Amino acid sequence: QVQVAQSGGGLVLAGASLRLACEASGTIPSISHVNWYRMFPENAREREWVADIDWENGLTTYITSVKGRFAVSADTAKNTVYLQMNNLKPEDTATYFCKFVPFRGVPYWGQGAQVTVDS
């Protein structure tokens, strides 16, 4: 069984930075990639894909709205992935989730971290 512990988040002013982390533990299958999603307060039924990192080669992709401000990285030895968020904007206010996607089987989600950016 896999557990994902998510940390980070908080309340900051616009322009500030935050770092989120997700650590997977337990019997971890081979991971293909890790996604980051966010859920906006005004639409709790949908999660917007934010970023992706390929677990094997470290290649990253981002939604246009965060390019140049957010950066995903991974420490594969620690089964941990990070989302560094710089120059945060009020429109980044959301609950952020990580998702570990194995090559086989179901994905594993973090419990979510609230990020609130005040103007």
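The rules behind each value
- Residues numbered from 1 in each chain as written.
- Predicted model: local features only at pLDDT ≥ 70, side-chain atom pairs only at ≥ 80, totals over all residues.
- Heavy atoms only, no water.
- Helix = DSSP H or I, 4+ residues; strand = E, 2+ residues; numbered from the N terminus.
- Rg over C-alpha atoms; globule rule 2.2 N^0.38 Å.
- Buried < 20%, exposed > 50% of the residue type's maximum accessible area, 1.4 Å probe, protein only.
- Pairing = 2+ DSSP bridges.
- Axes fitted to C-alpha atoms, helices over the stretch in contact; angles between N-to-C directions.

Q: Account for the overall build of the protein, naming residues and giving values.
A: Per the secondary structure count, the protein includes zero helices and 11 strands. Listed by position from the N terminus, the elements making up the protein come as β-β-β-β-β-β-β-β-β-β-β. Compactness check: the protein gives a C-alpha radius of gyration of 14 Å against a globular reference of 14 Å for 119 residues, within 12% of the reference. For the protein, the C-alpha atoms occupy an extent of roughly 40 × 25 × 20 Å along the three principal directions. The 119 residues of the protein split such that 42% are buried.

Q: Just give me the short version of the sheet that holds strand S7 (residues 70–75), but keep the residues and values in it.
A: Here four strands make up an open sheet; going across it, the order is S1-S3-S8-S7 and the pairing antiparallel. Pairing within the sheet leaves two strands with one partner each, and these edge strands are strand S1 (2–7) and S7. Recorded for the sheet is a direction-independent mean angle of 15° between the axes of neighbouring strands. Relative to strand S3 (residues 18–26), S1 runs antiparallel, the two being bridged by six bridges. Directly across from Ala5, in S3, lies its bridge partner Glu23.

Function cannot be inferred from these measures alone, as they are strictly geometric.
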